[in-house]
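Okay, here's what each chain looks like letter by letter:
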Amino acid sequence: MPTSRTGRPPVQRAARRPVVPGPVRENPLRTLHTRARKAWDRPLTAYYVILGGSLLITGLGLVMVYSASQITALQMSLPGSYFFRKQLLAAVIGSVLLLVASRMPVRLHRALAYPILAGAVFLMALVQVPGIGVAVNGNQNWIALGGSFQIQPSEFGKLALVLWGADLLARKQDKRLLAQWKHMLVPLVPAAFMLLGLIMLGGDMGTAIILTAILFGLLWLAGAPTRLFVGVLSIAALIGAVLIRTSPNRMARLACLGATEPQSGPVDCWQAVHGIYALASGGLFGSGLGASVEKWGQLPEAHTDFIFAVTGEELGLAGTLSVLALFAALGYAGIRVAGRTEDPFVRYAAGGVTTWITAQAVINIGAVLGLLPIAGVPLPLFSYGGSALLPTMFAIGLLIAFAREDPAARMALAMRQPRFGKKRNGGSQRPRRWNTMRRRAPVARSSGER
């Protein structure tokens, strides 16, 4: 036995046990971010967000139209639910249009581009015919259909420009002509200016601004050079400045920016100021549904252009932030659809629709908040107005159809629905590839990740 230097036997020490590391605590925020990113990257996320978000906005809009329009209807010696019933009818018809548009193939949408453009131009020209066109609030942009029903053709001009412009740019991209500036601008810009001219003949500058935003969105998606984009933007800004300067009504709206008193100067800012009053009196959770004070004749156009102010008064900051979140989700889902596709028409059309809805929502909400001049445009899917609701819901159907056309979404939808009573089986499917916003996935996800 070996001994130590002192002659004593060495002390036998017990072997140390290996230290087992404890469970690593994950950051809750990082875990939540990772899960949210994985959920957003699933094939059917954009499809559900567009469908669910648009239905929620429309449903909440119906509730607020009923609440905000009762006093106006009673003041006009009409039933309290008069405007709500008309909006409900438009929502039902719009839902049918949404369903039809979501089920139509892309080639049929492209085939409808020219007929919709021709019909919109014809109706917009018909507005200027004496005896047919009807003036509302100083703008002659309406056609009477009989009874209390009217139609505003300029709202359908937005849809026409999106479809026709997307088809035109897609065909030119297939022929590799977009590298030349003349092919990028002609005939897209002249046709858009023709629509703008027809709208401005009736004095509706708010709709003209939305149409200009759609034009710039299409040019941006087509890859217009910076100098060309800035040149077109400068011309449009110059024309807009001239139109504002030559109109006392538009100058008055511009002078009401930041006003805090209805009679703060030579210009009457009654509507803008009372919109701020409605938002300020709402607090965190509002005064309660139907309990608005400003809608009792103080706030003009409470159920149309300024319905967001009534929403803030009755539902508070929580309600307005919910509306903003729904529009933000809808806009981001539209960007996702446009960014993941390889079809140029789908990219241009999805980008055009997203630009249309987002720009109109920003202009309407900015006017209510006093950050932008009052342009007289409704809040998409939310404000009262069938002429605005019908083409917007058809455009939402376009986005849904484009979201369904994504290869991964098509496969996920096919795996959801068993055919002829057979069970779903994703194991026999061949791996497919699809585009994402961040990477290219080599293998399709299983049906459990829808």
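Predicted, not measured: the structure shown is a model, and the values here were computed from it.

Reading the values: rules and limits
Within every chain, residues take consecutive numbers counted from 1 along the sequence as written. Local features in a predicted model are, by the rule used here, given only for residues with pLDDT of at least 70; side-chain atom pairs are given and counted only at 80 or more, and totals for whole chains, interfaces and linings are based on all residues. Excluding hydrogens and water, the side-chain values take into account all heavy atoms of the structure. Two distance rules govern patches: like charges are joined within 9 Å, and nonpolar side chains (Val, Leu, Ile, Met, Phe, Trp, Tyr) within 5 Å, applied only to residues with over 30% relative accessible area and no salt bridge. For the accessible areas, the method is Shrake-Rupley and the probe is 1.4 Å, while residue cover comes only from the protein chains on display. What makes a salt bridge here is a side-chain nitrogen of Lys or Arg within 4 Å of a carboxyl oxygen of Asp or Glu, nothing more. Each helix is a run of DSSP H or I of at least 4 residues and each strand a run of E of at least 2, with the numbering of both proceeding from the N terminus. To form a nonpolar core, buried Ala, Val, Leu, Ile, Met, Phe, Trp, Tyr and Cys residues must be joined to one another through side-chain atoms within 4.5 Å. Burial here depends on accessible area, computed with a 1.4 Å probe over protein chains only, as a share of the maximum for the residue type. Under 20% is buried, over 50% is exposed, and the range in between is partly exposed. Any two residues whose heavy atoms approach within 4.5 Å are treated as being in contact. Classification of ring pairs uses Phe, Tyr and Trp, with its six-membered ring standing for Trp, and accepts pairs whose centres are within 6.5 Å; under 30 degrees between planes counts as stacked, over 60 as edge-to-face, and the remaining range as tilted. UniProt positions are given in the numbering used here, feature names are shortened, and annotations may be inferred rather than shown by experiment. Lines are fitted to the C-alpha atoms to define the axes, a helix being fitted only along its stretch in contact, and any angle between axes, read from their N-to-C directions, falls within 0 to 180 degrees. Just so you know how the angles are binned, under 35 degrees is roughly parallel, over 145 roughly antiparallel, 65 to 115 roughly perpendicular, and the rest oblique. Note on convention: the crossing is left-handed when the near helix lies turned anticlockwise from the far helix by less than a right angle, right-handed when the turn is clockwise. Three categories are distinguished: nonpolar for Ala, Val, Leu, Ile, Met, Phe, Trp, Tyr, Cys and Pro, charged for Asp, Glu, Lys and Arg, and polar for the others, with Gly belonging to the last. Any pair of N or O atoms that falls within 3.5 Å is considered a polar contact. Within protein, one atom must be able to donate a hydrogen and the other to accept it, and sequence-neighbouring residues count only if both atoms are side-chain atoms. Strand pairing follows a simple DSSP-based rule, namely that at least 2 bridges must link the two strands. When charges are counted, neither His nor the chain ends are considered; positive counts come from Lys and Arg and negative counts from Asp and Glu.

Trainee: How would you explain a nonpolar patch on the surface if you had to name every residue and give the values?
Mentor: There is a patch of nonpolar side chains on the surface, built from L284, F285, L317, L321 and L324 and spanning about 500 Å² of accessible area. Checked against the element boundaries, F285 lands in the loop between α12 (270-280) and α13 (307-340).

Trainee: Could you give an account of the nonpolar core, with specific residues and numbers?
Mentor: Grouped together as the largest cluster of nonpolar side chains are 107 residues, with contacts concentrated most on L188, L219, I396 and F402. Take this core: its biggest share by element is 13 residues, from helix α14 (residues 344-368). Setting aside chain neighbours within four positions, we find L188 in contact with L161, W164, G165, L168, L169, L215, L218 and L219.

Trainee: So what's going on with the packing of aromatic side chains? Which residues, and what values?
Mentor: Under the definition given, this model contains 6 aromatic pairs. When the ring of Y66 is compared with that of F84, the centres are 5.1 Å apart and the planes differ by 65°; the resulting orientation is edge-to-face. Of this pair, Y66 sits in helix α2 (residues 45-75) while F84 sits in helix α3 (residues 82-103), and the two are 18 residues apart along the sequence. Accessibility expressed as a relative area gives 37% for Y66, which makes it partly exposed. On the accessibility criterion, F84 (22% relative accessible area) is partly exposed. Taken together, a centroid distance of 5.2 Å and an interplanar angle of 85° make the contact between F83 and Y384 edge-to-face. One end of the pair, F83, is in helix α3; the other, Y384, is in the loop between α14 and α15 (386-405), with 301 residues separating them in the sequence. A relative accessible area of 16% means that Y384 is categorised as buried.

Trainee: How would you explain the UniProt feature "transmembrane region" (unreviewed entry) in the protein if you had to name every residue and give the values?
Mentor: Taking the numbering used here, the UniProt-annotated feature "transmembrane region" (unreviewed entry) corresponds to residues 46-67, 88-106, 112-136, 205-221, 228-244, 315-335, 356-375 and 381-403. When the span residues 205-221 is considered, its composition is 100% helix and 0% strand, and the gap between its end C-alpha atoms is 24 Å. Taken end to end, residues 381-403 has its terminal C-alpha atoms 20 Å apart, with 78% of it in helix and 0% in strand.

Trainee: Could you give an account of the packing of helix α6 (residues 153-174) against α14, naming the residues involved and the relevant values?
Mentor: Between α6 and α14, the shortest axis-to-axis distance is 8 Å and the interhelical angle comes to 150°. In terms of orientation, α6 lies roughly antiparallel with respect to α14. Between α6 and α14 lies a crossing whose hand is right-handed. For the pair α6 and α14, the contacting residues are K158, L159, V162, L163, A166, D167, L169, A170, Q173 and D174 in the first and P344, F345, R347, Y348, A349, G352, V353, W356 and Q360 in the second. Looking at the contact of α6 with α14, its residues break down into 12 nonpolar, 3 polar and 4 charged.

Trainee: Which residues make up the environment of K172, and what values go with them?
Mentor: Relative to the helices and strands, K172 resides in helix α6. Along the backbone, K172 and M184 are 12 residues apart, and their C-alpha atoms lie at a distance of 8.1 Å. Among the polar contacts made by the side chain of K172, one reaches the main-chain carbonyl oxygen of H183 at a distance of 2.6 Å.

Trainee: If you had to explain the pattern of salt bridges to someone new, which residues and values would you point to?
Mentor: In the structure shown here, the tally under the stated rule is 6 salt bridges. Note that R171 and D167 form a salt bridge whose closest N and O atoms lie 3.1 Å from each other. A residue pair is termed a helical-turn pair when its members lie 3 or 4 positions apart in one helix, as R171 and D167 do in helix α6 at 4 residues. On the basis of relative accessible area, R171 is assigned to the partly exposed category, the value being 31%. A salt bridge links R410 to E405; the nearest nitrogen and oxygen atoms lie 3.6 Å apart. Overall, R410 belongs to the partly exposed group, its relative accessible area being 39%. One salt-bridge network, held together by shared partners, links R110, D167 and R171.

Trainee: Pulling in residues and values, what's your account of the pairing of strand β1 (residues 133-136)?
Mentor: Here β1 pairs with strand β2 (residues 139-146) via 4 bridges, running antiparallel. By the bridge assignment for β2, V134 is matched with W142. As consecutive antiparallel partners, β1 and β2 are separated by 2 residues, and within that stretch N137 has a phi angle of approximately 55°, a positive value.

Trainee: Quick rundown of the side chain of K86? Include the residues and the values.
Mentor: Mapped onto the fold, K86 is located in helix α3. In this structure K86 is buried but unpaired, with E301 as the nearest side chain of opposite charge at 12 Å. Each residue touching K86, except ones within four places of it in the same chain, is listed here: S148, F149 and Y384.

Trainee: Break down the sheet that holds β2 for me, with residues and values.
Mentor: Strand order in the open sheet formed by 3 strands is β1-β2-β3, with antiparallel pairing between adjacent strands. Because the sheet does not close on itself, it has two edges, and the strands there are β1 and β3 (149-151). The sheet shows a mean angle of 50° between the axes of neighbouring strands, taken without regard to direction. Alignment of β2 against β3, held across 3 bridges, turns out to be antiparallel. Directly across from I143, in β3, lies its bridge partner I151.

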